[in-house]
Structure formats: structure tokens, C-alpha cells
Amino acid sequence: MPGLLRGVARTAVVAGTATAVSNRVSRRQAGRWAQQEEPQYQQQYQQQPQQPPPAPAADDMGSKIDQLKQLGELKEQGVLTAEEFEAQKRRILG
């Protein structure tokens, strides 16, 4: 039994060491690739003209109406006060 336990322990140590070395090699290689590719991306970025971000999509009026209906129902049920209802309505309508 002690020989079996020693063999299992040795296997675990070897496997753990191999995993640690493999992970370190992978990280170093990924770092090297990133350094090699970085100048290429910088050149591409500099060559592309700066474009303004796309305009936000127009709000869907149907979803606003649905939200207002839900707010109205909550107000009727007494969950929302008149002030809370008005504040939420202003938020939805912008």
C-alpha cells in the first residue's frame, strides 16, 4: 500500500508540474503573439477614418405605450402614488 500511495503522489506531482509549465509556456507564447500583432492593429486603426458612433435607434412607441399602460394599472391598484406615476411617465416619455 505505501508503494501505491507513493506512486500516486509522484504521478500527481509530475502532472501538476507539467500543467504549470504548460500554462506558463502558453501565456508567454500568447504574449509574444500579442506583441507581434499589436503594431499591425495600430497601423490599421490609424489608417481607418474616425467615424462617429451610430445614432441610437429610435424608441419603439409601442413599447412606450405598453409601459404607460402598466404604470396606469399600477396606479389604479394603489401600488404607485400620483407623484410616482407622473415621475415614471416623464422618464418613459423623455
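Structure first, text after, so check above.
I will try to describe carefully the structure that is included in this document. (Residues numbered from 1 in each chain as written. Predicted model: local features only at pLDDT ≥ 70, side-chain atom pairs only at ≥ 80, totals over all residues. Heavy atoms only, no water.)

## Description of the overall build of the protein chain
Moving on, step 1. From N to C terminus, the protein chain includes 3 helices and 0 strands.
Moving on, step 2. Helices and strands appear in the protein chain in the N-to-C order α-α-α.
Moving on, step 3. Within the protein chain, the fraction of its 94 residues that count as buried is 5%.
Moving on, step 4. Split by element, the accessible area of the protein chain, about 8,500 Å² in all, is 56% carbon and sulfur. (Helix = DSSP H or I, 4+ residues; strand = E, 2+ residues; numbered from the N terminus. Buried < 20%, exposed > 50% of the residue type's maximum accessible area, 1.4 Å probe, protein only. Areas by Shrake-Rupley, 256 points an atom, 1.4 Å probe, with all protein chains shown as cover.)

## Focus on helix α3 (residues 82-93)
Moving on, step 1. The end-to-end C-alpha distance of α3, which contains 12 residues, comes to 16 Å, matching closely the 16 Å that a straight helix rising 1.5 Å per residue would cover.
Moving on, step 2. Positive backbone phi, approximately 80°, marks Gly-94, located one or two places after α3. (Expected span 1.5 Å × (residues − 1).)

## Concerning the environment of Ala-82
Moving on, step 1. Within the fold, Ala-82 resides in helix α3.
Moving on, step 2. In this structure, the C-alpha to C-alpha distance between Ala-82 and Gly-72, residues 10 residues apart in sequence, is 9.8 Å.

## Overview of helix α2 (residues 61-77)
Because an α-helix completes one turn every 3.6 residues, residues spaced three or four positions apart along the sequence face the same direction.
Moving on, step 1. Taking 1.5 Å of rise per residue, the 17 residues of α2 would be expected to cover 24 Å, and the 24 Å separating its terminal C-alpha atoms lies within 8% of that figure.
Moving on, step 2. Following α2 by one or two positions, Gly-78 adopts a phi angle in the positive range, close to 90°.

## Quick look at the packing of α2 against α3
Moving on, step 1. Relative to each other, α2 and α3 sit at 175°, their axes nearing to 10 Å. By the angle between their axes, α2 is roughly antiparallel relative to α3. The segment α2 lies against α3, with Lys-64, Gln-67, Leu-68, Leu-71, Gly-72 and Lys-75 engaging Ala-82, Phe-85, Gln-88, Lys-89, Ile-92 and Leu-93.
Moving on, step 2. Each residue belonging to the contact of α2 with α3 can be placed in one class, and the counts come to 6 nonpolar, 3 polar and 3 charged. (Axes fitted to C-alpha atoms, helices over the stretch in contact; angles between N-to-C directions. Parallel < 35°, antiparallel > 145°, perpendicular 65-115°, else oblique. Contact = heavy atoms within 4.5 Å. Nonpolar A, V, L, I, M, F, W, Y, C, P; charged D, E, K, R; others polar.)

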